[in-house]
Structure formats: C-alpha cells, structure tokens
Amino acid sequence: MRLIIIAAAALLPGCTAPQPAASTAAIPELTGRVAGAAQRCVTFEQGESLRVAGPHSLIYGNGRVVYLNTVPSCSTLRSSDILVLEPIGSQYCRGDFVRTRDNVSGLPGAGCQLGDFVPYTRG
C-alpha cells in the first residue's frame, strides 16, 4: 500500500506540468515579429476584432503590434468560424468567454475562456 502511495506521489508532478505554448511557426501574421511579456487585457480598437489564427489560437490587432491569445481549452477552431465574444467593459481580458458559430450552418460550436494576450512586435 505504501509503495502505491509513493508511486502515485511521484507521478503527480507530471500531471500538473504546464502545457507548452502553441507553436507560432504556423501563424503567418507572427513571422518576423518578437514576442513580448503576456498581458491580461487589451483595449478594443475601432475596426479590430479577434480572429482565428490556428486550431487553438486567436489573433488581435494589425500593424506594428499583434496579440496572440492561446485557448487550449477550445476544441479545434477553424478560420471559417464566427467568433461570438462576451467581453466585460471596453477590453478583451483573460477569462472572457468566447464561443464559435459555424459560418455555414449557424450552429453553435466550441466555447472557451480567453488566455493571456502575448504582444508580437515588428522589429
């Protein structure tokens, strides 16, 4: 019995290890940009919106700085999905809820919470 408890305790740290960050190599908008420190929130800009960048990634912004938001809890996001956001206030923040809707059928899809926003700046 004691051996089972020790073995289980030894395996526990492996279960709680943080997941590696999503690969940014497959996201063309990040090519040639340098990642900065993660931010909890980003302020809405007129004419800007979150958009799907990969199966578990959203992008916000254009121009010199774009923000990557990795949402591993979402099932696979597709570029054709419509994002339905429910922000509180004038910012998108970690923990805000986002749902998807199929562009063709209109059926609701995945729902998940936003993560941190990592700025990528053009050098």
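Shown above is the structure to which this text applies.
Residues numbered from 1 in each chain as written. Predicted model: local features only at pLDDT ≥ 70, side-chain atom pairs only at ≥ 80, totals over all residues. Heavy atoms only, no water.

### Some points on the overall build of the chain
Move 1: Summing up its helical and strand segments, the chain has one helix and ten strands in all.
Move 2: For the chain, the sequential pattern of α-helices and β-strands runs α-β-β-β-β-β-β-β-β-β-β.
Move 3: When burial is assessed residue by residue, the chain has 29% of its 123 residues classed as buried.
Move 4: Across the chain, the fraction of contacts at a sequence separation of at least 24, relative to all contacts at a separation of at least 6, is 53%.
Move 5: Accessible area of the chain: about 7,900 Å², with a carbon and sulfur share of 59%. (Helix = DSSP H or I, 4+ residues; strand = E, 2+ residues; numbered from the N terminus. Buried < 20%, exposed > 50% of the residue type's maximum accessible area, 1.4 Å probe, protein only. Contact = heavy atoms within 4.5 Å. Areas by Shrake-Rupley, 256 points an atom, 1.4 Å probe, with all protein chains shown as cover.)

### Here's the deal with the side chain of Thr100
Move 1: Looking at the element boundaries, Thr100 is found in strand β8 (residues 97–101).
Move 2: Looking at Thr100, the relative accessible area reads 7%, which means it is buried.

### Observations concerning the nonpolar core
Move 1: Core analysis: the largest hydrophobic core is formed by 15 residues, its most contacted members being Leu50, Leu58, Val71, Tyr92, Leu114 and Phe117.
Move 2: Setting aside residues no more than four positions away along its own chain, Leu50 makes contact with Leu58, Ile59, Tyr60, Leu83, Leu85, Tyr92, Leu114 and Phe117. (Core = buried A, V, L, I, M, F, W, Y, C linked by side-chain atoms within 4.5 Å.)

### Some remarks on the pairing of strand β5 (residues 65–70)
Move 1: Pairing analysis gives four bridges linking strand β4 (residues 57–60) to β5, with the strands arranged antiparallel. Following the sheet pairing, Ile59 is matched in β5 by Leu68.
Move 2: Adjacent in sequence and paired antiparallel, β4 and β5 are bridged by four residues, among which Gly61 carries a positive phi angle near 105°. (Pairing = 2+ DSSP bridges.)

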